[in-house]
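So you can see what is in the structure, the chains are spelled out below.
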Amino acid sequence: MAKLPAYTSTGERIWHYTYLFICGLIFLFLVAPILLVIPLSFNAEPYFTFTQKMLSFDPAGYSLRWYDNILTFGMKNPDAERNVYWWIDVFFNAQWIHAAKNSIIIGFSATILATVLGTIAALGLSRPEMPFRRAIMALLISPMIVPLIITATGLFFFYSRTGLAHTYPGIIMAHATLGIPFVIITVTATLVGFDHSLTRAALNLGASQSTVFRRVTMPLILPGVISGALFAFVTSFDEVVVVLFVAAFDQQTIPRQMWNGIREQISPTILAVATILVCFSILLLTTVELLRRRSERLRGISPG
Amino acid sequence: MSETAAQVADTLAVKPIDQAVDQPITAADGTPLKVALARATRKAKWRAFVLVLPLLLFVLITFAIPIVEMLTRSFYNDAFSANMPNLVAYFEDNEIESVPDEAGFAALAADLKQARENKTIGVVATRVNYEVPGSRSQFTSAARKTKKLEPPFKEAIIALDEDWNDVRLWNVMQRASNPISASFYLAATDRRYDENGDKVWVDKKRRIYIKLFVNTLLLSLGIALICLVLAFPVAHLLATLPLRYSNLLMIFVLLPFWTSLLVRTTAWIALLQSQGVFNDMLVGTGIIGDESRMQLMYNMQGTVIAMTHILLPFMILPLYSVMKTIPPTYVRAARSLGATSWTAFWKVYFPQTVPGIGAGVLLVFILAVGYYITPALVGGSTGQLISNLIAFHMLKSLNWSMAAALGAILLFIILVLYWLYDKLIGIDNMKLG
């Protein structure tokens, strides 16, 4: 692609560069909105656009006030002197911090639940002798396909009858269910290329079932398990519909708080939060990419 | 001698076969091999199943049961039947053809009094109000005054409110006295029961649901096709570039994929609102005047743009994974046989990408049909989808049975598409990242 063959005509050359240009525009469409959020969040004015000062790179046009606002919003005494007590106030009262704590608690618990159950099930599902494989797989993947609004409606009815509404376990279980399809898909994908003669060899050499799992199977499927867990975590971390339907204020998460922010008091604080989340997703993306390469190396597929 | 040798050979050859017929081959412990094999297979099946069992139970509790409960709600509502026992008994014995006589009104008076004491009158009134708009206050105020009522009840109740003398209300109450009813499905498809219990269309002005379902499907299809048009060149580029370039460019696709939905929606709001970056840019460069700023958010365009951006990676990834497997030699062979670049693309390359197109379009379509967050935030009033109406009935109008009926119809559409996806592509082949 880098060099066009000698037989290409002028028309084809023009088309080729037009094509590259179009691709460039589409890539721009994909990332520009996300990257644009970052400079906008440093705006000194309460606008969602670049001010004259920002465009002329005047330092006065930029500020960290919206990042500061993440901490102070909801505090009892935001204007007090910034000492230890101020930070304690932030930790216990600031709404975004409250939401972040909830997101982390719910996200981690849901991820652990989804990953443990999902990995064990994927081990069973990838065995050739598994009965009703296709039907069970279809059921387990369906939380990803069924619209969230339907799942949330069902959970609302079920939880309000069983008393799980407005509780942490209720939301953690719901989020784990939403993350499970991702764990199943990534772990079964790593198991597809899994060489079963390795486990048989280990058993033959006298290893117990649990040793085989710990020392042979697990290290090989670990990249799949971790990327499944990351997917599950992101699903929970990004989920708002279920939280909207079955959570109370106590279980408010970051996306829920953003939802409020966009609907009610829209301010560039949202952009500051968004910037932090974008950095977070870049971190996740890098991790997943590294894991994928490691997995390919382990399974002997050349990364090229 | 030679004959005996042949005989011996004969017996030797035949004997093992005879043995095989008489005595089945056995495993080491003496059980027939067939039985042992069947037992081993069964054991292996169980072992596989036991691994899946915990998750299966978990998903059953947190997913399957809630969905079933929602489906139940869509046709089962006992708000009236559980709280108005006298009327239920009366309706069992009498078919309502005109406004009932004293016996019916006496039952009504008794039930209203009881419902007020039990504080269930609100639930009852709400249930009837779904089908006779405006009747809520009629019930609550009658219940409030029911203590002072004296027989004959018919005159007394009608004196409270002339609307009690309406046969349509009594028809609705009779239907509501049966907890199982299709009236929510009828309402969800813009129909209702008339005075004779026949299904009729509601007034033209009030028909919103079917139109919204059709709109949702069309909009989703439109978004899926736009995604296809945008994804095709990008996926092709990624698939044909050398890996070290394509891996870098892949970041452009994966970054949005990993970024929070709300962050992306916020970004589009910042970009496209009338005082946003895009409009400022156009005004700043003098393309449009300050007064003619484009309204790109809070309408259908907003929904389409933001949803296309959010769903585009789901189209690029399956297309890319299919294009990756197409050998470049085919197109080159076609060219060397004299095909123009267009013919080579259209007749040789394109048909091989069809599985990827099918997978991508179907996936994006399925995801788009059930979208809620983005249309709710950037859709304004024209860019709403069916999910937004379900949320409206759940959170605002509190007509939960209606929300359940709409949800059930949406679920049916999704399941048909899911089944199609499984048939055509197979869920095992779904890949991520």
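Sequence positions are assigned chain by chain, starting from 1 and proceeding in written order. Naming scheme: in the order in which they are written, chains are lettered from A and ligands are numbered from 1. Where local features are concerned, this predicted model is filtered to residues with pLDDT of at least 70; where side-chain atom pairs are given and counted, the filter is 80 or more; whole-chain, interface and lining totals use all residues. Side-chain metrics in this entry use all non-hydrogen atoms of the structure; hydrogen atoms and water are not considered.

*Asks:* For this particular structure, what's the right way to read the overall build of chain B?
*Replies:* A tally of helices and strands in chain B yields 19 helices and two strands. Only the C-alpha atoms count toward the radius of gyration. The rule for a globule is 2.2 Å times the residue count to the power 0.38. For 433 residues, the compact-globule formula gives about 22 Å, and the C-alpha radius of gyration of chain B, at 34 Å, lies well above that figure. Judged by the C-alpha coordinates and their principal axes, chain B covers about 120 × 90 × 35 Å. The proportion of buried residues among the 433 residues of chain B is 48%. Each helix corresponds to a stretch of at least 4 residues labelled H or I by DSSP, and each strand to a stretch of at least 2 residues labelled E; elements are numbered beginning at the N terminus. Burial classes follow relative accessibility: with a 1.4 Å probe on protein chains only, a residue under 20% of its type's maximum area counts as buried, one over 50% as exposed, and anything between as partly exposed.

*Asks:* For this particular structure, what's the right way to read helix 6 (residues 133-145) of chain A?
*Replies:* The first and last C-alpha atoms of helix 6 of chain A sit 18 Å apart over 13 residues, in line with the 18 Å expected at 1.5 Å per residue. To obtain the bend at a residue, axes are fitted to the seven residues ending there and to the seven starting there, and the angle between these axes is taken. At A:Leu139, helix 6 of chain A is bent by approximately 30°, the largest bend along its length, and proline A:Pro143 sits one to four residues beyond. Listed as buried for helix 6 of chain A are A:Ile136, A:Met137, A:Ala138, A:Leu140, A:Ile141, A:Ser142, A:Pro143, A:Met144 and A:Ile145. On its buried face, helix 6 of chain A sits against helix 5 (95-125) and helix 8 (168-192) of chain A together with helix 2 (33-75), helix 16 (341-369) and helix 19 (400-424) of chain B. For a helix, the expected span equals 1.5 Å multiplied by the number of residues minus one. Two residues qualify as a contact provided that any one of their heavy atoms is within 4.5 Å of a heavy atom in the partner residue.

*Asks:* Quick question: what am I supposed to make of a negative patch on the surface here?
*Replies:* Each patch is built from salt-bridge-free residues with over 30% relative accessible area, joining like charges within 9 Å and nonpolar side chains (Val, Leu, Ile, Met, Phe, Trp, Tyr) within 5 Å. Computed by Shrake-Rupley with a 1.4 Å probe, the accessible areas treat only the displayed protein chains as cover when residues are assessed. Any Lys or Arg side-chain nitrogen located within 4 Å of an Asp or Glu carboxyl oxygen qualifies as a salt bridge. By the counting rule applied here, Lys and Arg register as positive and Asp and Glu as negative, while His and the ends of each chain are not counted. In this description, the location of a charge corresponds to atom NZ of lysine, CZ of arginine, CG of aspartate or CD of glutamate. Residues B:Glu162, B:Asp163, B:Asp166 and B:Glu195 make up a contiguous surface patch of negative charge. Examined against the element boundaries, B:Glu195 turns out to sit in the loop between strand 1 (191-193) and strand 2 (199-201).

*Asks:* Would you mind showing me how to read empty space enclosed by the protein here?
*Replies:* Over the atoms rolls a probe the size of a water molecule, and its path tells where empty space is left. Residues are called lining when one of their atoms sits within 4 Å of a cavity or pocket point, these points coming from a 1 Å grid over the protein atoms alone, where a cavity is a set in which a 1.4 Å probe fits but cannot get out and a pocket is an open set with protein on both sides within 12 Å along at least five of seven lines. Grid points are joined across faces, edges and corners, and a volume is the space filled by probe spheres set on the points. Within this structure, the stated rule accounts for two cavities of 30 Å³ or more. The volume enclosed by the largest cavity comes to roughly 100 Å³. What lines the largest cavity is simply A:Val234, A:Phe237, A:Asp238, A:Leu277, A:Phe280, A:Ser281, A:Leu284, B:Trp258, B:Thr259, B:Ser260 and B:Val263. Among the secondary structure elements, those contributing two or more residues to the lining of the largest cavity are helix 10 (209-238) and helix 13 (269-298) of chain A. Broken down by element, the lining of the largest cavity gets its largest block of residues, four residues, from helix 13 of chain A. Residues are grouped as follows: nonpolar covers Ala, Val, Leu, Ile, Met, Phe, Trp, Tyr, Cys and Pro; charged covers Asp, Glu, Lys and Arg; every other residue, Gly included, is treated as polar. Residues that form the lining of the largest cavity fall into these classes: seven nonpolar, three polar and one charged. The computed volume of the second largest cavity comes to approximately 30 Å³. Considering the residues around the second largest cavity, the lining is formed by A:Phe237, A:Asp238, A:Ile254, A:Pro255, A:Met258, A:Leu277 and B:Ser260.

*Asks:* So what exactly am I meant to see when it comes to the interface of chain B and chain A here?
*Replies:* It is common to give the size of an interface as the accessible area lost on bringing the parts into contact. Listed by partner, the interface residues are 93 residues for chain B and 93 residues for chain A. For the pairing of chain B and chain A, the buried interface totals around 8,500 Å² over both sides, and the portion due to carbon and sulfur atoms is 81%. There are three salt bridges connecting chain B and chain A. One salt bridge in this structure joins B:Glu69 and A:Arg161, with 2.8 Å as the shortest N-O distance. Here the quantity called buried area is the accessible surface, traced with a 1.4 Å probe, that two parts lose on coming together, added over both.

*Asks:* How should the packing of helix 2 of chain B against helix 19 of chain B be read in this particular structure?
*Replies:* Axis angle and axis distance: for two packed helices, these are the angle between their axes and the distance between the axes, and together they describe the pair. Residue and element names in this part refer to chain B. The geometry of helix 2 relative to helix 19 is characterised by a closest axis approach of 7 Å and an angle of 115° between their N-to-C directions. In terms of crossing hand, the pair formed by helix 2 and helix 19 is left-handed. Packed against helix 2, whose contacting residues are Ile 67, Met 70, Leu 71, Arg 73 and Ser 74, the element helix 19 presents Trp 400, Ser 401, Ala 404, Ala 405, Gly 407, Ala 408 and Leu 411 at the interface. Classifying every residue of the contact of helix 2 with helix 19 by side-chain character gives eight nonpolar, three polar and one charged. Fitted lines through C-alpha atoms serve as axes, helices being fitted only where they are in contact, and the angles separating the N-to-C directions of these axes extend from 0 to 180 degrees. Helix crossings get a hand from a simple test, with the near helix turned counterclockwise from the far one by less than a right angle marking a left-handed crossing and a clockwise turn marking a right-handed one.

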